[in-house]
Amino acid sequence: MAICELPLFPLSTVLLPGGRVSLRIFEPRYLDLVKRCGRSGEGFGICLILAGREVGEAASPAAHGTEAVIVDFSMTDDGLLGLTVEGRRRFHVERTRVRDDGLVLGDVQWLEEPPPETLRDEHALLSVLLARIMDKAGIDHEGPGKGDLADAAWVGWRLAEWLPLEATERLALLQLADPHERLQKLVERLPDFQAE
């Protein structure tokens with residue numbers, strides 16, 4: 001697969017495919033990035049920070065991340081640019097370099113996604129759990145464009161997003177290509193979330 005250049009936005013959170021993250025933008029390097037993405041319609045990469053901080057000097061990003069596409073923007077109460085981004089394709093970072101303005105650029109390879117697969121019987125309970133979580137959150141999950149509670153990848157991504165996992169656990173799930181393996185990892189974690 002071809003390698004392409006992608007601006008990276010290291011964060012202390014993991015963006016998953018189909019997931020959404022809200023950002024507050026105020027550093028010049030990221031304001032420029034947002035302007036460029038707004039004009040071109042292209043996305044940028046979000047990677048978990050392995051070393052460093054979100055603000056200031058360039059942080060060291062994880063080698064796996066997700067392409068982020070801007071779906072909404074507004075001004076926050078404190079006068080900053082607020083963005084909502086949605087996760088699209090997963091990628092692996094081959095190399096990084098830091099521009100003079102502190103923006104991290106990555107040479108990335110897009111990861112192939114398997115074709116949609118139906119949940120296996122041993123993971124059917126996860127679909128029920130996800131429906132309950134979404135119902136409690138007031139999120140409609142029925143009808144066209146609302147997701148697919150029978151799709152292994154979609155259920156896995158949404159549970160990885162909604163369950164109280166550590167960022168490093170989400171990163172490990174992001175790295176898995178097989179949606180059934182991802183679901184199995186989530187099944188193994190479920191006992192940890194049950195009330196005592």
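Below you will find a few notes about this structure. (Residues numbered from 1 in each chain as written. Predicted model: local features only at pLDDT ≥ 70, side-chain atom pairs only at ≥ 80, totals over all residues. Heavy atoms only, no water.)

## Comments concerning the packing of aromatic side chains
This is how the line gets drawn: Centre distance within 6.5 Å is the pairing criterion for rings of Phe, Tyr and Trp, where only the six-membered ring of Trp is used; planes under 30 degrees apart are then read as stacked, over 60 as edge-to-face, and the remainder as tilted. Put simply, DSSP marks the helices as runs of H or I at least four residues long and the strands as runs of E at least two long, and each gets a number from the N terminus on. Type-normalised accessible area, obtained with a 1.4 Å probe on protein chains alone, sets the label of each residue: buried when under 20%, exposed when over 50%, and partly exposed for intermediate values. Charges are assigned to positions over rings by a cutoff of 6 Å between ring centre and Lys NZ or Arg CZ, combined with an angular limit of 35 degrees from the ring normal.
Under the definition given, this model contains three aromatic pairs. Plain terms: the ring middles of Phe9 and Tyr30 are 4.1 Å apart, the flat faces sit at 20° to each other, and that makes the pair stacked. Here Phe9 is found in strand S1 (residues 3-11), whereas its partner Tyr30 is found in helix H1 (residues 28-40), with 21 residues between them in sequence. Tyr30 matches Phe9 in its accessibility class, with the two residues each being buried. Ring geometry for Phe9 versus Phe44: centroids 5.8 Å apart, planes at 35°, classification tilted. Here Phe44 lies in strand S3 (residues 44-51) and Phe9 lies in strand S1, a separation of 35 residues in the sequence. Among the aromatic residues, those joined into a ring-pair cluster are Phe9, Tyr30 and Phe44. We note Arg89 situated over the ring of Trp110; from NZ or CZ to the ring centre the distance is 3.6 Å.

## Observations concerning the layout of surface pockets
Which entries qualify depends on this criterion: In this analysis a 1.4 Å probe is tested at points of a 1 Å grid over the protein atoms alone, and where it fits but cannot get out there is a cavity; an open set with protein on both sides within 12 Å along at least five of seven lines is a pocket; lining residues have an atom within 4 Å of a point. Grid points are joined across faces, edges and corners, and a volume is the space filled by probe spheres set on the points. Ten residue types, Ala, Val, Leu, Ile, Met, Phe, Trp, Tyr, Cys and Pro, are classed as nonpolar, four, Asp, Glu, Lys and Arg, as charged, and the remainder, Gly among them, as polar.
Looking at the largest pocket, its volume works out to about 280 Å³. Lining the largest pocket are 17 residues, and of these Glu113, Asp151, Ala153, Trp154 and Trp157 lie nearest its centre. Going through the elements one at a time, strand S5 (81-98), helix H3 (152-162) and helix H5 (179-189) are the ones with two or more residues in the lining of the largest pocket. No other element matches the four residues that H3 contributes to the lining of the largest pocket. Here the residues of the lining of the largest pocket sort into nine nonpolar, one polar and seven charged.

## Comments concerning the environment of Leu16
As for its position among the elements, Leu16 is in the loop between S1 and strand S2 (20-25). Considered as a pair, Leu16 and Ala68 are 52 residues apart in the sequence and their alpha carbons are 9.2 Å apart.

## Topic: the side chain of Arg170
Our working rule: Counted charges follow a simple rule, with Lys and Arg positive, Asp and Glu negative, and His plus the chain ends left uncounted. The term salt bridge refers to a side-chain nitrogen of Lys or Arg lying within 4 Å of a carboxyl oxygen of Asp or Glu.
Structurally, Arg170 can be placed in helix H4 (residues 167-175). Buried within the structure, Arg170 lacks any salt-bridge partner; Glu169 is the closest side chain of opposite charge, at an N-O distance of 7.1 Å.

## Remarks on the pairing of S3
Every regular strand shows the same layout, with side chains that alternate between the two sheet faces. Condition: Strand pairing is defined by DSSP finding a minimum of two bridges between the two strands.
The buried count for S3 comes to six of eight residues, which makes it a mostly enclosed element. Here S1 runs beside S3; their pairing, made up of four bridges, is parallel. For Pro10, the partnering residue across the bridge sits in S3 and is Cys47. Both S3 and strand S4 (residues 60-75) contribute to a ladder of six bridges, which runs antiparallel. Each residue of the ladder has a partner; that of Ile46, found in S4, is Thr66.

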